[in-house]
Amino acid sequence: MSSDQIQLNAKDIYEKDFKVEFRGYSQKEVDEFLDVIIQDYDAFQQEIQRLRQENDRIKKSSMEQQHTRTRAPQQNTQVNYDVLKRLSNLEKAVFGKKVSNSAE
């Protein structure tokens with residue numbers, strides 16, 4: 001529902017005047033009912049605004065998470081390469097000494 005489809009707001013309802021006829025509705029009851037409608041409209045408008053803000057926040061958070069996910073594998077590749085290089089050097093140091101000890 002867009003704001004273009006909404007025909008009334010709280011002010012329009014509040015300022016609405018009805019024609020008075022001899023056998024019409026009780027003006028007091030109509031006014032009380034319109035007051036309730038105005039309160040509902042205000043509550044709906046506040047809820048719509050809150051939901052729009054929450055929706056924007058969630059979209060922004062989702063975009064940030066997607067951006068983080070796309071960069072993470074590149075960083076892990078670099079870390080894995082460094083770990084493998086260190087492991088290789090360690091194996092050379094450990095097994096190199098054992099080979100030289102068994103040859104003696």
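Residues numbered from 1 in each chain as written. Predicted model: local features only at pLDDT ≥ 70, side-chain atom pairs only at ≥ 80, totals over all residues. Heavy atoms only, no water.

Asker: Can you tell me about the overall build of the protein chain, naming the residues and giving the values?
Answerer: Summing up its helical and strand segments, the protein chain has two helices and zero strands in all. Residue burial in the protein chain is summarised as follows: out of 104 residues, 4% are buried. (Helix = DSSP H or I, 4+ residues; strand = E, 2+ residues; numbered from the N terminus. Buried < 20%, exposed > 50% of the residue type's maximum accessible area, 1.4 Å probe, protein only.)

Asker: Can you break down the pattern of salt bridges residue by residue, with the values?
Answerer: Scanning the entire structure with this criterion turns up two salt bridges. The residue R50 makes a salt bridge to E47 at a minimum N-O spacing of 2.7 Å. With R50 and E47 both in helix 2 (residues 27–103) and three residues apart, this pair spans about one turn of that helix. Take R50: its relative accessible area is 40%, and that puts it in the partly exposed class. (Salt bridge = Lys/Arg side-chain N within 4 Å of Asp/Glu carboxyl O.)

Asker: Tell me about a nonpolar patch on the surface, and please be specific about residues and values.
Answerer: A cluster of nonpolar side chains, contributed by L84, L87, L90, V94 and F95, occupies part of the molecular surface with about 480 Å² of accessible area. Tracing the backbone shows L90 in helix 2. (Patch = residues over 30% accessible without salt bridge, like charges linked within 9 Å, V, L, I, M, F, W, Y side chains within 5 Å. Areas by Shrake-Rupley, 256 points an atom, 1.4 Å probe, with all protein chains shown as cover.)

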